[in-house]
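Now for the letters of each chain:
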Amino acid sequence: MSVADALELTAAAAADAIAAGSLSADELFDAYRSRAAADRDAGEDGLNCFTWVADETPAAANAAPLGGVPLAVKDLFCTEGVPSQSGSKILEGYLPPYTASVVRRLRDAGASLLAKTNQDEFAMGSSNENSAYGVVRNPWDRERVPGGSSGGSAAAVAAGLAPWALGTDTGGSIRQPAALCGIVGMKPTYGSVSRYGMIAFASSLDQAGPLTRDVRDAALLLGHMVGHDPCDATSLSFPHAIERPSAERLDGVRLGVPDELTGEGIEAGVLDAFRAALAQAEQLGAQISEVRLPHAPHALSAYYVIAPAEASSNLARFDGVRYGLRAADPRDLLDMYTRTRHDGFGAEVKRRIMLGTYALSSGYYDAYYGRAQRVRTKIAEDFRTAFAQVDLIVTPTAPTVAFKLGEKTADPPAMYLNDFCTVPMSLAGIPAISIPCGLSAGLPVGLQIAGPAFSENRVLDAAYALEQSLGFDGSTARV
Amino acid sequence: MRATVIGRDEVLHVARLARLALAEDEIEPMALELSAVLDHVARIGELDLDGVAPTSHVVDVTGGLRPDEPRPCLPREVALAQAPAVADDGFLVPSPQA
């Protein structure tokens, strides 16, 4: 097989070709490595997807299930001896002494570490404009954002600079960039994938997941990610194997459309593509009905209390003592802490630390954090009620298509609205996938499909049936 | 709900709690941005949440305990390798009070 042909393959097809002996894992790795290195060397003149690219080809893993197919990994996963700084200046030069459990798991299954990907600093952002490594550009239109926070992973996969990638999702950070870049992204049930070695943002929400060219790749990668890890007390044994999705029809599948997430605030072109996808689902035999998520409009408010509160606590560890940056010539210990954190954190991270510290401070805890935790209970109840009536819930993934670089940076509340449709599922801990469902003004629109906890197979099957029938063509974004 | 107003003093108080130095020109924008975001999140104050239990973790995890057996940890030199300053096999920091 020619290298050009090999680059067109999905990761699953490449693994099959390697197993069949028609493709060399080394050649595939080299081809992706030189493409990724070219983008890295171009800096912000390129897409700026990568923070690190492998400089040698790892030992071939032809026999392993993933066959040595290269994998791009978001910067915030610790990788032993490989720079891991979560997009932040405060971890400049940090080389972790260990590797994140999920990355080890994938390596043991035969994935080869190709590159680390750019991201919003500490995964805080929806546009990948908050990175110490500079902004990432959207391969569909380089004047636009790729979404965030896993923007480098999404842009790399969309542009064909990596066959697939790992991201993390706290309030939408896999699904929203997948939507804006026209690829597949999935956030699994909270606890499915070990968080050990992920540089933490908001621990009760953070989950790793796949960003891929198609649904079968997402299932394949996720299948090798899930499982209990003694190093993460919140990780769980996934109750069954992740299957290779194969459904061609949606006969009898009940899809619920929540009014609260499919009306006001969603761009007209996004709604058009969403409704066209619903019509397609109906043709495949799905039963579409309205469903209520009465507290979903409050999810964003609850999220922007809970996530910053947890972040303010998690980020307390960055104090200039054990790793990363330290401010020069500190007067005393407190001066070292406060100036190191001033110099090392970017504007958005400072904002969230301040917000979280405020929400947790004496006199405000009950009004903010306490109330937000109660809203979270109501949102989880809404989903339980809805899933008694329908099998899956469908919404647009993001309220808009990819927006212009710089368009929303001066208005944090407007930026936060990007997560409007994805945050409710995060707060409820349930699985949700985004698949490309069409174009609006030449830019991709994402469709989100969510199901009850541990219904990943059902979600993937429905996503696969719709993907096959919609026939979205993402090849125009390849570089 | 009335607009939340976070003033300069409150910003400086929270920054002290967060161990975060702010430059003079960061204080005013921070006050405005925090006020704007808090106005948005204050909408949860409109909900009737009496008697609703808080959720901290959505997935019920029980029995997370393992036997307490000593195991090797990171070697000292590996743990210290990334530190900005090291002395006498430990992390070197300035005195608490100059």
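These numbers come from a predicted model, not from an experiment. (Residues numbered from 1 in each chain as written. Chains lettered and ligands numbered in written order. Predicted model: local features only at pLDDT ≥ 70, side-chain atom pairs only at ≥ 80, totals over all residues.)

Novice: Residues and numbers for the overall build of chain B, please.
Specialist: Helix and strand counts for chain B come out as 3 helices and 2 strands. Across chain B, helices and strands are ordered from the amino to the carboxyl terminus as α-α-α-β-β. Here the C-alpha atoms of chain B give a radius of gyration of 23 Å, more than 25% beyond the 13 Å that 2.2 N^0.38 yields for 98 residues. By its C-alpha atoms, chain B is 55 × 45 × 20 Å across when sized along the principal axes. Across the 98 residues that make up chain B, the buried fraction comes to 17%. (Helix = DSSP H or I, 4+ residues; strand = E, 2+ residues; numbered from the N terminus. Rg over C-alpha atoms; globule rule 2.2 N^0.38 Å. Buried ≥ 20, exposed ≤ 12 C-beta atoms within 10 Å, placed from the backbone.)

Novice: Hey, could you go over the packing of helix α9 (residues 299-314) of chain A against helix α2 (residues 24-41) of chain B for me, with residue numbers and the actual values?
Specialist: Between α9(A) and α2(B), whose axes approach to 8 Å, the crossing angle comes to 130 degrees. As summarised for this structure, α9(A) and α2(B) are arranged oblique, according to the angle between their axes. Of the residues in α2(B), those in contact with Ser301(A), Tyr304(A) and Val305(A) of α9(A) are Val37(B), His40(B) and Val41(B). Residues that form the contact of α9(A) with α2(B) fall into these classes: 4 nonpolar, 2 polar and no charged. (Axes fitted to C-alpha atoms, helices over the stretch in contact; angles between N-to-C directions. Parallel < 35°, antiparallel > 145°, perpendicular 65-115°, else oblique. Contact = placed C-beta atoms within 7 Å. Nonpolar A, V, L, I, M, F, W, Y, C, P; charged D, E, K, R; others polar.)

Novice: Let's hear about the sheet that holds strand β2 (residues 70-74) of chain A: which residues, and what values?
Specialist: Residue and element names in this part refer to chain A. Pairing is mixed across the open sheet formed by 11 strands, whose spatial order is β1-β3-β2-β4-β6-β5-β10-β11-β9-β7-β8. Of all the strands in the sheet, the pair left with one neighbour each is β1 (50-53) and β8 (287-291). The sheet shows a mean angle of 30 degrees between the axes of neighbouring strands, taken without regard to direction. Note that strand β7 (residues 254-258) and strand β9 (residues 392-396) share 2 bridges and pair parallel. The partner of leucine 255 across the bridge, within β9, is leucine 392. The sheet contacts of helix α3 (residues 25-42) involve β1, β2 and β3 (112-117), and relative to β1 the element is tilted by about 135 degrees. (Pairing = 2+ DSSP bridges.)

Novice: I'd like a rundown of the interface of chain B and chain A, residues and numbers included.
Specialist: On the side of chain A, 54 residues touch chain B, which itself brings 44 residues to the contact. Looking at the side of chain B that touches chain A, the elements with two or more residues in it are α1 (8-17) and α2 of chain B. The element best represented in the side of chain B that touches chain A is α2(B), accounting for 7 residues. Grouping the constituent residues of the side of chain B that touches chain A by class yields 31 nonpolar, 9 polar and 4 charged.

Novice: Before we move on, can you summarise the domain arrangement of chain A with the specific residues and values?
Specialist: Residue and element names in this part refer to chain A. Taken domain by domain, chain A comprises domain 1 (3-252 + 458-477) and domain 2 (297-372). Taking only C-alpha atoms into account, the centre of domain 1 sits 28 Å from that of domain 2. Across the contact, 20 residues belong to domain 1 and 17 residues belong to domain 2. (Domains from an automatic or database assignment.)

Novice: Please provide a residue-by-residue account of helix α8 (residues 268-283) of chain A, values included.
Specialist: Residue and element names in this part refer to chain A. Between its first and last C-alpha, α8 extends 23 Å over 16 residues, near the 22 Å set by a 1.5 Å rise per residue. Taken together, the buried positions of α8 are Val270, Ala273, Phe274, Ala277 and Ala281. The arc that holds every buried residue of α8, seen down its axis, measures 100 degrees, which confines them to one face. Along α8, the residues that are exposed and aim more than 90 degrees away from the buried face are Ala268, Ala279 and Gln283. For α8, the secondary structure elements touched by its buried residues are β7, β8, β9, β10 (432-440), β11 (443-450) and α15 (456-470). Directly after α8, the chain includes glycine 285, whose backbone phi takes a positive value near 110 degrees. (Expected span 1.5 Å × (residues − 1). Arc of directions from axis to C-beta.)

Novice: Describe in detail the nonpolar core, supporting the description with residues and values.
Specialist: Nonpolar side chains in soluble globular proteins tend to be buried together. Residues and elements named next belong to chain A. Membership of the largest hydrophobic core comes to 175 residues, with the highest contact counts inside it found for Leu71 and Ala162. If you tally residues by element for this core, the top one is α9, at 10 residues. Lining this core are residues from two domains, each supplying at least three of them: domain 1 (3-252 + 458-477) and domain 2 (297-372). Those residues in contact with leucine 71 that lie beyond four places of it in its chain are Leu106, Ala111, Ser112, Leu113, Leu114, Trp164, Ala165 and Leu166. (Core = buried A, V, L, I, M, F, W, Y, C linked by C-beta atoms within 7 Å.)

Novice: Now, about the pairing of β10(A): what can you tell me, with residues and values included?
Specialist: Residue and element names in this part refer to chain A. With 7 of 9 residues buried, β10 lies mostly within the body of the structure. Looking at chain direction, strand β5 (residues 184-187) and β10 are connected through 3 bridges and run antiparallel. Considered in β10, the bridge of methionine 186 is made with isoleucine 433. Sheet analysis places β10 next to β11, joined by 8 bridges and oriented antiparallel. Bridging across to β11, serine 440 finds its partner in leucine 443.

Novice: Tell me about helix α5 (residues 151-158) of chain A, and please be specific about residues and values.
Specialist: Since the α-helix turns once every 3.6 residues, residues separated by three or four places project in the same direction. Residue and element names in this part refer to chain A. The buried fraction of α5 is high, at 8 of 8 residues. Within α5, burial applies to Gly151, Gly152, Ser153, Ala154, Ala155, Ala156, Val157 and Ala158. Glycine 160 occupies a position one or two residues after α5 and carries a positive phi of about 75 degrees.

Novice: Help me get a handle on the pairing of β2(A), residues and values and all.
Specialist: Residues and elements named next belong to chain A. Taken across its 5 residues, β2 has 5 buried, putting it largely inside the fold. Side chains of β2 alternate between two faces, with Pro70, Ala72 and Lys74 and Leu71 and Val73 buried alike. A crossover links β2 with its parallel partner β3, the connecting element being helix α4 (residues 101-108), and its sense is right-handed. Direction of pairing for β2 relative to strand β4 (residues 164-169): parallel, over a ladder of 2 bridges. Within the sheet, the bridge partner assigned to alanine 72 lies in β4 and is alanine 165. (Right-handed = clockwise from strand over helix to strand, strands pointing away.)

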